[in-house]
Every structure is written in C-alpha cells, then in structure tokens.
Amino acid sequence: MSRIEAKKPSLCTNDPLTKERVSFSLSVLSGIVKSCYGPTGRLKQLHNGMGGYVRTTSQSSALLGGLSITHPALKVLTASVQNHISRFSDCGLFTAILCCSLVEHFQRINFAACTVTKISRHLLSLCTDYLKSEACGCRVSVDFDSIKTLLSLVRSILASKPACMLNKTEANHLSTLVLKAFLLTIPHTIETNVVLGKCVIIPVKGKRVMDSTVFPGLLIDIPEFQFARTFPVKRVSSSAIKMALFCISMSGDLSNIGEGTVIVHHGISLEVAVLDQLLNLGKQLVNDQVGLVVCQKVIHPSLKQYLKEHCVITIDRVGVSMMEPLSQMTGSQPIAALHSVSPTCYGSLKDLRTESFVSKHFLHLVPNDTLVCSLILCNRNEMAWDELKLACQTAEHVLQLTIKQPLALLGGGCTETHLASYIRHKSFTLPTSVLKAIDCSRTQYQLVADAFCRSLECVACCLEHDDGEILTDMVYGHFWSVQSGFPSDCNWSDLVLKCGCGIYNNQRNLNWTVLRSQYIPFAPQSCSNEPSINSTDHLVLDCFTAKCSGLQVAVETANLILDLSYIVEDQN
C-alpha cells in the first residue's frame with residue numbers, strides 16, 4: 001500500500017542543552033522536584049486532561065510516573081531516577097534534584113564535557129570512598145539490639161511525606177507499627193540464605209490513624225454471613241490445622257483444561273463429570289484431615305457444602321497477591337490440578353480465629369512461625385491513605401536494605417553540607433600526581449569541584465520552603481536553618497536551635513556562616529562518637545544504601561546528559 005503522505009526526514013538537533021526549549025524544560029522539572037523536597041515540601045496534584053482520578057503527592061515515584069516528559073534528554077533523567085526508585089524505593093527526589101543541579105552548574109563553567117566527566121567521576125569516587133570509610137563523619141551505625149536508631153530511620157521517612165497528613169503522635173505510632181511488622185518478618189533461625197517474610201497491608205480508609213494495628217499472621221477479608229458460621233474446624237492435633245492451597249479455579253468450568261480437543265461420549269454430562277471430580281477431590285481432602293482449603297479463584301458451591309459438612313473451612317477468591325504470603329507462611333505448595341493431590345503439598349497453621357475491625361470481618365490465620373504479618377493501615381481519606389501506604393512500603397524496603405548494610409546517613413541536609421565541606425577541603429589539598437592522572441589543571445579541578453559542592457548544597461537548601469536563611473557550621477559542616485524575618489542585629493547562636501539531623505544544638509561553641517557564601521575550606525569533624533546520637537529521640541536519618549546509589553546515579557546521569565551532542569528524532 002502506498003503512503004498517503006511522503007515520509008518526513010528525521011529531526012537532528014546538535015548541542016541540545018544549548019537550546020532554549022531544553023533548558024526551560026529542565027528548569028521546570030528542577031523546580032517541580034525541588035519544591036516537593038522534605039517534610040515541608042509543597043504538594044502536587046496529578047491529573048490528565050480527560051478527568052478521572054486526581055493524585056495529590058510529593059513522592060518521587062508517584063510524581064515522575066505521572067509527569068508527561070517529551071524531550072529525550074529529560075527522559076534519560078527521569079528514567080534513571082525511576083530505575084533507582086524501583087531498586088531502592090527511597091531518595092528519588094534527592095537523586096532528581098542533584099542531577100538537575102549538576103547539569104545546571106556544570107553548564108555554567110563552560111568546560112568541555114569530557115573534562116567535566118573525568119573530574120566529576122573522580123569527585124564521585126572521593127565521596128563514595130569517604131562514605132564507606134570508618135572515618136566518615138556523616139554516617140552512623142545501626143544497632144539491631146536497640147530500636148531507637150531503627151525508629152528514627154522509619155520516622156524520618158514517614159515525616160518527610162506531608163501528603164500523609166500525620167501529626168507527631170501519629171507518626172510515632174505508625175513508625176512503631178512499621179518496625180514491629182518488619183521485625184515479625186525476620187526468621188527466628190539463621191540460615192545460609194535468609195529469606196525475609198512479607199508484610200501485607202490491609203486498607204481501612206476514613207478511620208483514625210491511631211486505629212492502625214499489626215497482627216502476626218495473615219488476615220483474610222471474609223463476608224459477614226461467613227463470619228458468623230465459620231467454625232468449628234477440623235484439626236490434625238490440638239495445635240495444628242492442615243491446609244491446602246489451590247491456584248486454579250475449582251468452580252467446575254473448563255477454563256483450565258488448556259488447549260486441545262475434549263471428547264465427550266454420548267450420554268455423558270460434562271458438568272456432572274467435572275462435579276464428580278471435584279467431590280472426589282473433596283473426599284481426598286477430608287480423608288487427609290485437611291481443615292482449611294484456600295483457593296485463589298472460585299470454589300463450586302457443592303464442593304463448599306460438602307467440605308462444610310465435614311468441618312472443613314473454605315476461602316475462595318483470595319487473589320494472586322495473597323498466594324506468595326500464604327505459601328511462605330504455611331509451607332503449602334500451590335496446587336494446580338484437580339486430580340489426586342500429593343500430601344507433600346499441604347501446609348499447616350497453628351490456629352484459626354475470627355477478627356472484627358470497624359465494619360470489616362477477617363479470618364485470622366495464625367502461623368507456627370511468624371514470617372508473615374498483617375498491617376491494618378488507617379487514614380482519614382483515600383488520598384492520604386494512598387500516600388501513607390507508599391511511605392510504609394518505602395520504610396519496609398529501607399529496613400530490608402539496612403539489614404544487609406547496617407548503616408545510616410545523617411538526614412535533614414547535614415550529609416549534603418558535610419560532604420560538600422569535605423570535597424572542598426580535598427580539592428584544595430589534592431596531590432599534583434592525581435591532577436596529571438586526570439589530565440586537568442588545578443583550576444579546572446577546583447571549578448568543577450565547586451560546582452559539584454554547590455549542587456550538593458542546593459539539595460540541602462531545598463529543605464527550606466519559607467524563605468528562611470540556611471547556615472552551615474565551620475566545625476562539623478552541618479545544616480542549620482533560621483526562620484525568615486529575623487532581626488539583623490542578632491548573633492546566629494541566638495537564632496539557630498538544632499542542626500538538620502538533630503545531633504547538635506546552639507549550645508555548642510560553633511562558628512556559623514551562610515551556606516554557599518565564600519569561606520576558607522576546612523576538614524569537617526566527625527560526629528560518630530557523639531553521645532547525643534544514642535540519646536537523641538528524634539534523630540533524622542537517611543537510608544545509607546539508597547543515598548549512596550542516588551549520588552552515583554545523579555552524577556553518572558548528569559555526565560551522560562552533558563555528553564549528548566546530537567538528538568535524532570523520527571517525526572513520522
């Protein structure tokens with residue numbers, strides 16, 4: 001078939017970052033992510049031109065997923081950040097802000113992209129080596145024998161999501177629940193390959209946050225009529241209930257027989273034959289002393305009735321999302337056939353109970369070993385609940401990452417300002433041999449290092465959304481904020497209260513200066529031995545693994561974008 005229109009040539013754009021449209025789009029994206037950052041970040045509403053669901057959020061995963069990005073250079077940036085979020089869940093806004101700031105600051109110094117890339121990679125290696133070294137002054141060890149640091153880590157995540165609409169008491173309550181739920185998923189026995197359990201979040205919208213609670217085991221929503229007539233249940237012993245888990249339809253339809261030809265002899269009813277097979281299966285389950293049958297899909301009413309008469313409880317329509325935690329918790333192997341079932345496929349439970357919560361009714365599956373738990377999560381409305389669920393899932397993932405690497409970084413902007421002070425000091429004391437290896441002059445290195453440090457400080461400054469003044473101290477290099485409208489004749493010590501992470505207060509004999517002003521580079525001191533780390537109740541912490549990855553992703557993506565010489569777009 002011939003074309004109605006002639007094929008258009010591809011559009012080739014050289015030096016795309018110098019074009020006004022690209023710089024404007026980058027500035028808009030940068031402004032969006034910067035304004036969302038931190039506990040006082042501004043919320044964004046996401047909706048399309050056709051109407052429908054409106055999402056109110058400040059979280060990077062929802063924000064970047066809802067933005068329509070058209071320019072290839074910005075698509076690279078957002079794709080890198082989204083890939084980071086999919087792997088680590090946290091520090092998405094940090095990564096996006098730092099990447100945008102690096103591109104903006106590196107463009108201003110007007111060096112060749114290859115020179116900037118070589119120097120920035122060396123600066124990145126300095127940062128990562130410092131963060132992973134014992135001498136690092138902005139990281140703390142996480143002791144799993146004490147819950148104080150773990151609670152601070154979870155609370156910092158929940159408190160940084162303003163759309164969750166949590167007050168201090170609610171944030172503390174939920175932090176305790178999330179940590180409790182996580183600890184229930186840790187196996188009691190240590191093996192070579194430890195597999196963590198799962199926390200299942202159960203939604204209850206329109207209720208108080210303080211009503212949220214955690215149950216060990218699994219809660220399965222059941223209708224009210226079934227709630228009243230669930231028991232008794234057949235038991236193998238006083239402390240064991242045998243369970244069968246089916247992942248296929250038990251409704252008697254023919255949707256699971258697969259492809260091929262079904263031959264039905266004259267006078268044979270296919271429906272009756274399938275029902276007979278289901279009832280034969282039911283007889284085997286009864287003979288095997290199964291007390292609970294759970295099906296991912298639908299169970300035929302006749303089979304339900306037969307099993308009920310023999311004190312076997314049936315639950316159907318649990319959905320595919322519940323299959324993994326059910327199998328993990330009970331040791332059941334999902335059964336995908338209606339013929340003879342191997343006894344090795346059965347699992348076991350310690351007990352079965354019924355629970356009522358508000359207007360919902362649940363069957364509570366109590367396991368022998370708690371690897372799965374249920375978090376009943378409440379919030380005022382659907383929008384706030386959606387944000388809270390995402391925040392709780394992020395906190396759970398961060399705790400999982402912290403088990404692998406029991407470290408945390410100081411939050412509240414203190415890691416960024418401390419790291420900027422460290423890099424500035426190192427750039428002024430760098431040996432000549434390193435400059436020769438990088439193939440750059442000391443001036444070039446210091447200019448790129450200054451742009452790198454200003455980008456880090458820019459991330460910290462995004463925590464202030466009310467025109468306050470941002471300071472840093474000349475001893476530890478921490479972040480300090482002063483509210484706007486302060487008297488001009490006051491000393492900084494009279495205005496500051498606590499640093500961003502909460503370790504230091506204004507009683508220290510510190511010398512403060514305005515962040516991003518000119519000052520003599522200094523080597524920031526470490527706070528790892530400070531007794532206030534363990535005594536401070538509301539320490540602000542960040543996930544070590546997620547932030548280190550975010551730093552690397554931001555620098556490498558910025559280098560990639562700066563190195564773009566041409567963009568070829570198909571216009572057809």
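So, how was this worked out
Residues numbered from 1 in each chain as written. Predicted model: local features only at pLDDT ≥ 70, side-chain atom pairs only at ≥ 80, totals over all residues. Heavy atoms only, no water. UniProt positions renumbered as here; feature names shortened; annotations may be inferred. Pairing = 2+ DSSP bridges. Helix = DSSP H or I, 4+ residues; strand = E, 2+ residues; numbered from the N terminus. Axes fitted to C-alpha atoms, helices over the stretch in contact; angles between N-to-C directions. Phe/Tyr/Trp six-rings, centres within 6.5 Å; stacked < 30°, edge-to-face > 60°. Buried < 20%, exposed > 50% of the residue type's maximum accessible area, 1.4 Å probe, protein only. Lys NZ or Arg CZ within 6 Å of the ring centre and 35° of its normal. Contact = heavy atoms within 4.5 Å. Polar contact = N/O pair within 3.5 Å; in protein donor to acceptor, adjacent residues only side chain to side chain. Left-handed = near helix turned anticlockwise from the far one by under 90°. Nonpolar A, V, L, I, M, F, W, Y, C, P; charged D, E, K, R; others polar.

The name given to the chain in an unreviewed UniProt entry is Molecular chaperone MKKS, with the source organism recorded as Chelonoidis abingdonii. Quoted verbatim from the Function (unreviewed entry) field of UniProt, the annotation for the chain is "Probable molecular chaperone that assists the folding of proteins upon ATP hydrolysis. Plays a role in the assembly of BBSome, a complex involved in ciliogenesis regulating transports vesicles to the cilia. May play a role in protein processing in limb, cardiac and reproductive system development. May play a role in cytokinesis." Under the heading Sequence similarities (unreviewed entry), UniProt records this for the chain: "Belongs to the TCP-1 chaperonin family."

A. Representation of the sheet that holds strand β4 (residues 139–141) in the model. The three strands lie next to each other as β4-β15-β19, forming an open sheet whose pairing is antiparallel. Of all the strands in the sheet, the pair left with one neighbour each is β4 and β19 (541–543). When strand polarity is set aside, the average angle formed by the axes of neighbouring strands in this sheet is 45°.

B. The arrangement of the packing of aromatic side chains in detail. For the structure shown, the criterion picks out four aromatic pairs. Measuring from centroid to centroid gives 3.8 Å for Y130 and Y422, while their planes differ by 15°, and the two rings are stacked. On the criterion of sequence distance, the pair formed by Y130 in helix α5 (residues 113–132) and Y422 in helix α13 (residues 414–428) is long-range, its members being 292 residues apart. Exposure remark for Y422: the relative accessible area of 15% places this residue in the buried category. Summarising the aromatic geometry, the rings of Y519 and F522 are spaced 6.1 Å apart at their centres and angled 45° between planes, so their arrangement reads as tilted. F522 shares its class with Y519; the two are buried. Above the plane of the ring of F94 lies K547, whose end atom (NZ or CZ) is 4.8 Å from the centre.

C. Structural context of the sheet that holds strand β8 (residues 241–246). Across the sheet, which stays open at both edges, the four strands sit in the order β10-β9-β8-β11 with mixed pairing between neighbours. Strand pairing shows two members of the sheet lacking a second neighbour, β10 (313–315) and β11 (347–349), which therefore form its edges. Averaged over neighbouring strand pairs, the angle between their axes works out to 30° when direction is ignored. Note: β8 against β11, three bridges, orientation antiparallel. Residue pairing in the sheet places M243 in a bridge with G347 of β11. Lying over the sheet, helix α11 (residues 323–330) contacts β8, β9 (290–295) and β11, oriented at roughly 150° with respect to β8.

D. Looking closely at the side chain of S455. In this structure, S455 sits in helix α15 (residues 442–461). Assessed through its relative accessible area of 0%, S455 is described here as buried. For S455, the side chain forms a polar contact with the main-chain oxygen of S101, separated by 3.3 Å.

E. Structural detail: the environment of T213. As for its placement among the helices and strands, T213 is situated in strand β6 (residues 213–216). As for T213 and L377, which are separated by 164 residues in sequence, their C-alpha atoms are 7.0 Å apart. In contact with T213, not counting residues within four places along its chain, are L177, F357, S374, L375 and I376.

F. Molecular detail of the packing of helix α1 (residues 20–35) against helix α4 (residues 92–109). Packing of α1 against α4 leaves a shortest axis separation of 9 Å and a crossing angle of 145°. Handedness of the crossing formed by α1 with α4: left-handed. Of the residues in α4, those touching α1 at L26, S27, S30, V33 and K34 are L93, A96, I97, C100, S101, V103 and E104. Tallied by class, residues from the contact of α1 with α4 come to seven nonpolar, three polar and two charged.

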